[in-house]
Amino acid sequence: METSFWVDLWREGRSGFHQAIVQESLERFWPALPVGSSVLVPLCGKSLDMLWLEQQGLEVTGVELAEQAAEEFCAENELAFSVANDDDRKVYRLLEKNIRIIIDDFFGFAETNDNNKFDSLYDRAALVALPEEIREDYVAACRKLLCDRPAGMLITLEYPQDLMQGPPFSVPVKELQRLWPGRLSCLDCTEVLESLPKAKEAGISELKEYSWLLR
Ligand SMILES: C[S@@+](CC[C@H](N)C(=O)[O-])C[C@H]1O[C@@H](n2cnc3c(N)ncnc32)[C@H](O)[C@@H]1O
C-alpha cells in the first residue's frame, strides 16, 4: 500500500475503520501491567484505545504516517498537545496524558529508533492493514522495537481473501502462528460481518475478528 493511499483516505474522510468506542476485547482481556509500562501502538490512527490504555497507567506511543489522524485525535477528544521535531520526525505530545503520536512510516521508525524498548504491543487493524508481502517485515519491525518478552494484544480478521480486496486483509490463523511462533493465544473470536458493509456486498458470509494475547 502506498503512503499516499492512507494520506488520501484521511484527507477524504474515509476512515471507516475508526471505532467510536473502545475495542470491547481490549477492555475485557488486556493483561495487567505495572504502572508506567510502555505500550507501542503501531499504525494507531486516531484510536480511542490509546486513551483507554493510558487510563490503565501506561505510557502510550502511537506511530502513524498521516498527520491528520493525530490532529483529529486531539481535536475530537479535546486534548491539549504540543508538536515538536524529534530526530527529524514530528511528535504530537498530549499535555495532560502520557500519550505521544509519532508521525512517521512505521518501518522507517523501527529502523532508526534505538531508544528504550517497549514493554508491550497493542495492534488493532495494523497487521490487517498491510498486504501479505510486508507482514513479515512489519512483525520484524515490531520485534525490533519491543523488549524480549513483550506482553500485549493483537486484533485480527479472517475471511475468504479471494472474495474481497484488502485492506482490511484477512490474516489466517496459520500465518499468525508463523509470524509470532508460540507467542499468541486466542482470547476471543467474534462474528463482525455487520460492521463491514463492503464485506457483505462482496458476498462474504463470515468475517471473524480474533483477539490474541501476546505473551
Ligand atoms: C486500518 S487503520 C487502523 C488505525 C487504528 N489502529 C485503529 O484501530 O483505528 C491503519 C492506519 O495505519 C496507518 N498506516 C498505514 N501504513 C502505515 C505505515 N507504514 N506507517 C505508519 N502508519 C501507517 C494509516 O494511515 C491508518 O491510519
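If you're wondering where the values come from, they're calculated on a predicted model, not measured in any experiment.

## Focus on the pairing of strand β9 (residues 208-214)
- Within β9, five of the seven residues are buried, leaving the element largely enclosed by the surrounding structure.
- As judged from the seven bridges shared by strand β7 (residues 146-158) and β9, these two strands associate in the antiparallel manner. Counted as the bridge partner of I155 is S211 from β9.
- Relative to β9, strand β8 (residues 184-191) is paired through seven bridges, and the arrangement is antiparallel. Bridge assignment links D188 to a residue of β9, and that residue is S211.

## What about the sheet that holds β8?
- Here nine strands make up an open sheet; going across it, the order is β3-β4-β5-β2-β1-β6-β7-β9-β8 and the pairing mixed. Edge strands, defined here as strands with exactly one partner in the open sheet, are β3 (81-86) and β8. Between one strand axis and the next, the sheet turns through 20° on average, direction left out of account.
- Of the strand pairs in this sheet, strand β4 (residues 89-94) and strand β5 (residues 99-103) are connected by four bridges, and their pairing is antiparallel. Each bridged residue has a counterpart across the sheet, and for V91 the counterpart in β5 is I102.
- Each of β2 (59-64), β3, β4 and β5 is contacted by helix α4 (residues 67-76), which is oriented at about 155° to β5, the strand it contacts most.
- Contacting β1 (38-42), β6 (118-124) and β7, helix α6 (residues 132-145) runs over the sheet at an angle of about 145° to β7.

## Examining the pairing of β6
- Most of β6 sits inside the fold, with seven of its seven residues counted as buried.
- As defined by bridge partners, β1 adjoins β6 across two bridges and the pair is classed as parallel. Bridge pairing in β6 places L40 opposite L121.
- In this structure, β6 lies alongside β7, joined through six bridges in parallel fashion. Within β7, the residue paired with Y122 across the bridge is M153.
- For the segment spanning β6, α6 and β7, crossover handedness is right-handed.

Reading the values: the criteria
- Every chain is numbered independently, its residues counted from 1 as its sequence is written.
- In view of the model being predicted, local features appear only for residues whose pLDDT reaches at least 70, and side-chain atom pairs are presented and counted only at 80 or more, with totals across whole chains, interfaces and linings using the full set of residues.
- Exposure criterion: with C-beta atoms placed from backbone coordinates, a residue whose C-beta has 20 or more other C-beta atoms within 10 Å is buried, one with 12 or fewer is exposed, and one in between is partly exposed.
- Elements are defined by DSSP. Helices are runs of H or I of four residues or more, strands are runs of E of two residues or more, and each kind is numbered from the N terminus.
- Paired strands are those between which DSSP finds at least two bridges.
- Only C-alpha atoms enter the line fits that serve as axes; for helices the fit covers just the stretch in contact. Angles between N-to-C directions range over 0 to 180 degrees.
- Contacts here follow a simple rule: the backbone-placed C-beta atoms of the two residues must lie within 7 Å.
- Note on handedness: a crossover is taken as right-handed if, strands pointing away from the viewer, the path from the first strand over the helix to the second is clockwise.

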